[in-house]
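Breakdown of the fold
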Amino acid sequence: VGRCSAVSLSRQVQGTGGSSAVSKCSAAARGYIQDRFLRLLAGRRRRRAPIIHRGYYIRARAVDHCVQDFLLRTQSLPRTQILSLGAGFDSLFFRLKDMGLLHHTVVYEVDFPNVACQKATLIKGMKELSALVGDPGGEGLGAITFSGEDYKLLGVDLSELSELERTLEEAGLNNEIPTLFIAEVVLTYMENTRSDGLIQWAAEHFPQACFLLYEQVHPEDPFGHVMQQHFRQLGTALHSLAQYPDCEAQQRRFLGKGWTECSVMDMNEFFTCCIPEDERQRVQTLEPFDEYEEWHLKCSHYFVLAASKGMEPPWTPLLPSVTVPHHAAPVGMAGSVPAAACAGLSAVPGLRRYGHHSVLIKPHVIVTTGGFGEERGQHCRMRNCHVLRRRAGCWEAGCVTQNIPEKSWGERLYHTVSRLSDTLALVVGGRTSPSRAGLGMLWLKFPETCNASGPGDVAVELVSLQPAAEAAVLRWRHSTTEITFKGEQYLFVYGGRSALEPVLGDWCFLHTPELSCTVIAVEGPVPESRHSHSACSWEGGVLIAGGLGAAEQPLGSVFLLRELEHGFQWQTIETHPALVPRYSHTAHVHEGKLLLVGGVWFHASSVPGVTVIDIMTGLCLDYVINVEHLEWPLMLHNHSSIFLPDEKELLVIGGGGNCFSFGTHLNPVPVSLSLSSILISH
């Protein structure tokens, strides 16, 4: 039985390697990676999504960065060697050989016997590959499936250390020369005692050695739960995560197993610190992209580690080329906020969505529009409006009859909805696809009788706009906020992005009766361009917080657009301690306090909860959300939230996203956050 289960596991692990090769091949086809050998080794070809391309780009870039640093530092030595563990159908040897970087280096690749045999057959059958490895000198013998002058391919189960050691010795591996070990999402599939044994064996048997490790981290936050569930369903559980849940634990692991130097970075830090700015910009413009949250969450859940011993000077490929704020230190929490799922809403269709917008149209009546979600068991862009009403202290779903011309609504995401009266709300902007122009405006019209006992019909009409106003609102991930100037009502449309501009920093004052663009003087230092920020009305002006900036970096600034006699003025609000940079959060103002809810930040040790900022003093306190009574991961990004001041309650609706290749997570039901304790104590 044990042998059968081991064979089954090896097949599942091999499946992840094949999928990885296809994804790398797709990334190369779109220009992320320069590698003409991937298509020869991947076998099947399949177009992957942009977020998958970015994920495999950063993985390939991290490995190449460290490998080339090792070759550069050892180029004056007579001989070196690279041992790639669980190499699969990787093209590393062929790429390095083609670049002329293997003058005195032998590459050894190890994988399961049938994978090694398949790869050996591929190499022998393709002239482009066989020309680079040369004559193998007869058929492969035993576990050595291919043996060229500077390339050896071995079929061995890595968990059988004695067998691995014997085969490597037979293939000519030399313990006395500088050796680079590579384990790219491999060791985590092994039992910890076996992977620890391999790490320690490498340190003990090779006096001059380097070890490059790339794998997952942070299993216990919402994204980590989805990631773990994905690998469990594949039958390839990630064993290392329980014992080594973060970068610091992995670093201690290597230092405790005989390695004398060890540095580690998560992939957000690597992308920012070790990739030149022009290369980052090149990658960011390769194809239309609008999944920033999942990209940054994926990067915070993978790390690259470089360990060494006996190398003079020490091997330090992960020294940052630029100085950026370090995000490893945990965020201090001032307390916790209890979360409770809204009972009775678990079976309501249409509430599982992200990129939507919710608005309080009457006391205790909430309408939610747009986004991407789940309806009738299918994932799709959401056309239907949904309503929540509160009766007898409980939220329940109401029916909405919609008169929505299909072309006008456009199944939009990342739009805004502003309530202008008891019977009228305005939808501004949004998108269908990130490669298409932003969408215009719509009226949402509610009947006079719309109340908590029944919402009635909601009519949707296109808004006919002047050309200047139409151009100003063709954006998404922006904010639209009600402001007052000289007693007149305006909507302040700010920031966001468009199909042509990845980030916008302009604004427009829409005079609400006729929705015309009005020129109003604004003075003071203009805030950095941003999207996915928050904006709240306050004392006639607007409070802007956070967002994602031009370099796809979260921002921690807070600005007030303050009304003056002749116009408005931008004013910076200094927070202390400094607000942790974030984006994709929501915000509300209550009695001089700015409340920020959720979002994405680069502090991988925790996820954003609720942050309370005193607008007058700048005091900034973070509170963790207590999710012990929730039976599923609560993802607080791409959500909407409604604040009920009398109850001091926050209702979080929807949220989640496409979690890299791990599947789409949608928060299944609205969640109530009770803020009474923190608003009293703050």
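Residues numbered from 1 in each chain as written. Predicted model: local features only at pLDDT ≥ 70, side-chain atom pairs only at ≥ 80, totals over all residues. Heavy atoms only, no water.

1. Things to note about the confidence of the model for the chain
Per-residue confidence for the chain gives a mean pLDDT of 89; residues scoring 70 or more make up 90%. Taken as a whole, residues 1-9 scores under 50 in pLDDT and shows 3 contacts with residues more than four places along the chain or in a different chain. (pLDDT = per-residue confidence, 0-100. Contact = heavy atoms within 4.5 Å.)

2. Overview of the packing of helix H3 (residues 50-73) against helix H13 (residues 277-284)
At their nearest, the axes of H3 and H13 sit 11 Å apart, and the two run at 155 degrees to each other. By the angle between their directions, the pair H3 and H13 is classed as roughly antiparallel. Remark: the crossing between H3 and H13 carries right-handed chirality. Contact with H3, carried on its side by Arg54, Tyr57 and Arg61, involves Glu279, Arg282, Val283 and Gln284 of H13 and no other residues of that element. (Axes fitted to C-alpha atoms, helices over the stretch in contact; angles between N-to-C directions. Helix = DSSP H or I, 4+ residues; strand = E, 2+ residues; numbered from the N terminus. Parallel < 35°, antiparallel > 145°, perpendicular 65-115°, else oblique. Left-handed = near helix turned anticlockwise from the far one by under 90°.)

3. Structural notes on the nonpolar core
A general feature of soluble globular proteins is that nonpolar side chains tend to end up buried together. Of all hydrophobic cores here, the largest spans 81 residues; its most connected members are Val67, Phe270 and Val304. Here the element with the most residues in this core is H3; it accounts for 12 residues. Val67 has contacts with Ile82, Leu92, Leu96, Leu180, Ile182 and Leu212, leaving out every residue within four places of it along the chain. Counting 37 residues, the second-largest nonpolar core is a separate cluster that includes Ala202, Phe254, Cys262 and Phe303. (Core = buried A, V, L, I, M, F, W, Y, C linked by side-chain atoms within 4.5 Å. Buried < 20%, exposed > 50% of the residue type's maximum accessible area, 1.4 Å probe, protein only.)

4. Quick look at the sheet that holds strand E16 (residues 394-398)
Strand order in the open sheet made by the 4 strands is E11-E12-E15-E16, with antiparallel pairing throughout. At either end of the open sheet lies a strand with only one pairing partner, and these are strand E11 (357-362) and E16. Put simply, the sheet's adjacent strands are angled 30 degrees from each other on average, direction ignored. The pairing of strand E15 (residues 386-391) with E16 spans 5 bridges and is antiparallel. Each residue of the ladder has a partner; that of Arg390, found in E16, is Trp395. (Pairing = 2+ DSSP bridges.)

5. Quick notes on the domain arrangement of the chain
Under the domain assignment used here, the chain contains domain 1 (1-19 + 56-309) and domain 2 (334-674). The straight-line distance from the C-alpha centre of domain 1 to that of domain 2 is 43 Å. For the domain 1 and domain 2 pair, buried surface summed over both sides reaches about 2,600 Å², with 61% attributable to carbon and sulfur atoms. Contact with domain 2 buries surface across domain 1, with Asp290, Tyr292 and Glu293 losing the most and accounting together for 25% of the total. Linking domain 1 to domain 2 there are 4 salt bridges. The partner of Asp290 in a salt bridge is Arg497, with the nearest N and O atoms 3.5 Å apart. Here domain 1 is connected to domain 2 by 15 residue pairs in polar contact (both at pLDDT 80 or more). The biggest single contributor to the side of domain 1 that touches domain 2 is helix H14 (residues 292-300), with 8 residues. Split by residue class, the side of domain 1 that touches domain 2 holds 12 nonpolar, 8 polar and 7 charged. (Domains from an automatic or database assignment. Buried area = accessible area lost by both parts, 1.4 Å probe. Salt bridge = Lys/Arg side-chain N within 4 Å of Asp/Glu carboxyl O. Polar contact = N/O pair within 3.5 Å; in protein donor to acceptor, adjacent residues only side chain to side chain. Nonpolar A, V, L, I, M, F, W, Y, C, P; charged D, E, K, R; others polar.)

6. Quick look at unusual backbone geometry
In this structure, Pro313 follows Glu312 across a cis peptide bond, with omega equal to -5 degrees. Of note, Pro313 is situated in the loop between strand E8 (302-309) and strand E9 (335-341). With omega at -10 degrees, the peptide bond leading from His576 into Pro577 counts as cis. The residue Glu539 is not glycine, and still its phi comes out positive at about 50 degrees. Among the secondary structure elements, Glu539 is positioned in the loop between strand E27 (534-538) and strand E28 (541-545). For Glu539, a relative accessible area of 66% puts it in the exposed group.

7. Some words on the sheet that holds E27
Spatially, 5 strands are ordered E26-E30-E29-E28-E27 in an open sheet, and the strand pairing comes out mixed. In this open sheet, the two strands that pair with only one neighbour each are strand E26 (521-523) and E27. For this sheet, the mean angle separating the axes of adjacent strands, direction not counted, is 20 degrees. Sheet topology places E27 next to E28; 5 bridges connect them, and they run antiparallel. The residue bridging Trp538 from the neighbouring strand is Gly541, located in E28.

8. Observations regarding the environment of Ile199
Structurally, the position occupied by Ile199 is in helix H8 (residues 192-205). Classification of Ile199 by relative accessible area gives buried; the value is 0%. Setting aside residues no more than four positions away along its own chain, Ile199 makes contact with Leu187, Phe211, Arg253, Phe254, Lys257 and Trp259.

9. Focus: the pattern of salt bridges
Applying the stated rule across the entire model yields 30 salt bridges. Put simply, Arg30 and Glu287 hold a salt bridge, and the shortest N to O gap is 3.6 Å. Taken together, the residues span a long stretch of sequence, with Arg30 in the loop between helix H1 (2-29) and helix H2 (38-42) and Glu287 in the loop between H13 and H14 at a distance of 257 residues. Note that Glu287 and Arg47 form a salt bridge whose closest N and O atoms lie 3.6 Å from each other. With Glu287 in the loop between H13 and H14 and Arg47 in the loop between H2 and H3, this pair connects stretches of sequence that are 240 residues apart.

10. Points about the environment of Leu164
With respect to the secondary-structure elements, Leu164 resides in helix H7 (residues 161-171). Sequence spacing of Leu164 and Thr617 is 453 residues, and the spatial spacing of their C-alpha atoms is 63 Å. Each residue touching Leu164, except ones within four places of it in the same chain, is listed here: Val110, Val156, Leu158 and Leu198.

11. With respect to H14
Burial analysis of H14 places 9 of its 9 residues in the buried class, the great majority of the element. Three or more residues of H14 are buried, namely Tyr292, Glu293, Glu294, Trp295, His296, Leu297, Lys298, Cys299 and Ser300.

12. As for helix H12 (residues 267-274)
Most of H12 sits inside the fold, with 8 of its 8 residues counted as buried. All buried positions along H12 are accounted for by Met267, Asn268, Glu269, Phe270, Phe271, Thr272, Cys273 and Cys274.

13. Examining the packing of H7 against H8
Viewed as axis vectors pointing N to C, H7 and H8 meet at an angle of 40 degrees, and their least axial separation amounts to 11 Å. When the interaxial angle is binned, H7 and H8 end up oblique. Where H7 crosses over H8, the handedness of that crossing is right-handed. Between H7 and H8, the residues in contact are Leu161, Leu164, Glu165 and Leu168 and Gly197, Leu198, Trp201 and His205, respectively.

14. Here's the deal with the packing of aromatic side chains
Across all of its chains, the model carries 32 aromatic pairs by this definition. Centroid distance Tyr32 to Tyr57: 6.4 Å. Interplanar angle 55 degrees. Geometry classified as tilted. Of this pair, Tyr32 sits in the loop between H1 and H2 while Tyr57 sits in helix H3; the two residues are 25 residues apart in sequence, bridging distant segments of the chain. Each member of the pair Tyr32 and Tyr57 is classed as buried. On the numbers, 5.4 Å between centres and 25 degrees between planes, the contact of Tyr214 with Tyr302 is stacked. (Phe/Tyr/Trp six-rings, centres within 6.5 Å; stacked < 30°, edge-to-face > 60°.)

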